[in-house]
Amino acid sequence: MLPFCPVLVRRAFVLSTFSGGHRRRHLIDPMDLTVEEIDQLLAVGDDIIQNPAKYSEICKGKKLATLFYEPSTRTRLSFESAMLELGGSVIGFSSADSSSAAKGESVADTIRVIGCFADIAAMRHPKEGAPMVAAMNSPIPVINAGDGGHQHPTQTLTDLMTIHRLKGHLDNLTIGLCGDLKFGRTVHSLILALSRYTGIRFVLISPKELAVPDYIKEEVLDKKKIPYTEVQSLDEAMPELDILYMTRIQRERFASEEEYLRLKDSYILTPKQLELAKPDMYILHPLPRVNEISVAVDNDPRAAYFTQVFCGKIIRMALILKLLDRIPAPFDQQLPAPERHQPQVVHNHLHCGNPRCITTIEQELPQAFRPVEEKPGAFRCIYCEALVD
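Bear in mind the structure is a predicted one, so any value in this text is a computation, not a measurement.

Participant: If you had to explain the sheet that holds strand 13 (residues 379–381) to someone new, which residues and values would you point to?
Facilitator: Pairing is antiparallel in the open sheet, where three strands are placed in the order 12-13-14. A strand with exactly one partner marks an edge of an open sheet, and here the two such strands are strand 12 (369–371) and strand 14 (387–388). Here strand 13 runs beside strand 14; their pairing, made up of two bridges, is antiparallel. What sits directly across from Arg 380, in strand 14, is Leu 387.

Below, the structure written as structure tokens:
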């Protein structure tokens, strides 16, 4: 196994080289897939829906490990259902308390152990950067199933599959993102993924306290000259939207209960508000919802969040096939991985102050940072992307 090398880590499939020079691909953030690879996964997903029997034993003999350090219903069961419907089997744990993490085992050690039992792993972790650390040390492909408020790339693939099935295209859309845009990892990942399609415009709807982080605006939206507006009124934004992506205010991400209670009811979507929307606008939500979408909206034909759950299982089936090199003909063409500029990584006296960073619990991890091109003299942690001046 290669020693720790940060230049291999950020902004590409993390490549882990083992004896014989064999390389594994890992999905850590949504930019780890090219547009062509996303199109490939969408095509495979469409084929799975049309021809499920063709895929029913394609992963026979393969095991998926679901390593979930925090609660999840949809994502964990979606991964497990995906592998079972491909003919594979599933092992894993559903909380940190039921794993050796409760005894103090590191993420690196856990993935090395799991690599002896499984062929591929999906990891959900409350600390930002944990799946990346796993991929740096893993003998098997690692999929980031959500790390804190950072990234959630398979939810992004779910969202893209849903939009693809409903709209027939992923370009020339006005996307409204509403609710917790600060801690909402699904929002961050979706902005990154859609930033590569033409004609995309974002309407960012949130209280000021829960606005999209500056690094997303500066390094993605502003840098790529993608048009966006920030508003606090959902009613004001509604008439222009092609997709409304609702999110819940996430109690578990707040340091203060008082602040959560003040903001938790900022947006509640009702049938009355939908009178302002286009007839072919669709409502998405990564779920779970609390009260940000009234149950009265569920019968509206534009409510697509349960369709979204189904699409999540399908696209995860396609992703598992890709990472295990099991995609069948005629979709099995070898596509090049993303080519990205790798910024210089700096080890210095800086310290990441983000309390949600994986370095807060994995003390042996080196503090490492990349320069911020847009802010000379500023750096971002390679694990969680927090800004350090």
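Don't stop here, the text continues.
Participant: Describe in detail the packing of helix 2 (residues 74–85) against helix 11 (residues 305–323), supporting the description with residues and values.
Facilitator: At a closest axis distance of 8 Å, the pairing of helix 2 and helix 11 adopts a crossing angle of 55 degrees. Between helix 2 and helix 11, the angle is such that the two are oblique. The two elements helix 2 and helix 11 meet at a crossing, and its hand is right-handed. The segment helix 2 lies against helix 11, with Arg 74, Thr 75, Ser 78, Phe 79, Ser 81, Ala 82, Met 83 and Glu 85 engaging Val 309, Gly 312, Lys 313, Arg 316, Met 317 and Ile 320. Grouping the constituent residues of the contact of helix 2 with helix 11 by class yields six nonpolar, four polar and four charged.

Participant: I'd like a rundown of the packing of helix 6 (residues 185–194) against helix 7 (residues 214–222), residues and numbers included.
Facilitator: Between helix 6 and helix 7, the shortest axis-to-axis distance is 10 Å and the interhelical angle comes to 10 degrees. Overall, the two elements helix 6 and helix 7 adopt an arrangement that is roughly parallel. Touching His 188, Ile 191 and Leu 192 of helix 6 are Tyr 215, Ile 216, Val 220 and Leu 221, all from helix 7. When the residues that make up the contact of helix 6 with helix 7 are grouped by side-chain class, the tally is six nonpolar, one polar and no charged.

Participant: Outline the sheet that holds strand 6 (residues 142–147), supporting the account with residue identities and numerical values.
Facilitator: Strand order in the open sheet formed by four strands is 4-3-5-6, and the pairing between neighbours is parallel. Only two strands of the sheet have a single partner each, and these edge strands are strand 4 (89–93) and strand 6. On average, each strand axis in the sheet is inclined to that of its neighbour by 15 degrees, with strand direction left out of account. In this sheet, strand 4 lies alongside strand 3 (residues 63–68) in parallel orientation, the contact comprising five bridges.

Participant: A description of the nonpolar core should follow, citing residues and the corresponding values.
Facilitator: One finds Leu 177, Ile 191 and Phe 202 to be the most contacted residues of the largest nonpolar core, which totals 63 residues. Considering every element that reaches this core, the biggest residue donor is helix 11, with nine residues. Beyond its immediate stretch of four places on either side in the chain, Leu 177 contacts Val 187, Leu 190, Ile 191, Phe 202, Val 203, Leu 204, Ile 205 and Tyr 245. Counting residues in hydrophobic clusters, the runner-up holds 35 residues, among them Ala 130, Ala 135, Ile 140 and Cys 381.

Participant: Break down the environment of Arg 380 for me, citing the residues and quoting the values.
Facilitator: Along the polypeptide, Arg 380 turns up in strand 13. With relative accessibility at 3%, the residue Arg 380 sits in the buried group. For the pair Arg 380 and Tyr 215, spaced 165 residues apart in sequence, the C-alpha separation works out to 9.2 Å. Beyond its immediate sequence surroundings of up to four residues, Arg 380 is in contact with Tyr 215, Glu 218, Glu 219, Ala 368, Phe 369, Arg 370, Val 372, Glu 385, Ala 386 and Leu 387.

Here is what the cut-offs are and how they apply
Residues numbered from 1 in each chain as written. Predicted model: local features only at pLDDT ≥ 70, side-chain atom pairs only at ≥ 80, totals over all residues. Heavy atoms only, no water. Pairing = 2+ DSSP bridges. Helix = DSSP H or I, 4+ residues; strand = E, 2+ residues; numbered from the N terminus. Axes fitted to C-alpha atoms, helices over the stretch in contact; angles between N-to-C directions. Parallel < 35°, antiparallel > 145°, perpendicular 65-115°, else oblique. Left-handed = near helix turned anticlockwise from the far one by under 90°. Contact = heavy atoms within 4.5 Å. Nonpolar A, V, L, I, M, F, W, Y, C, P; charged D, E, K, R; others polar. Core = buried A, V, L, I, M, F, W, Y, C linked by side-chain atoms within 4.5 Å. Buried < 20%, exposed > 50% of the residue type's maximum accessible area, 1.4 Å probe, protein only.

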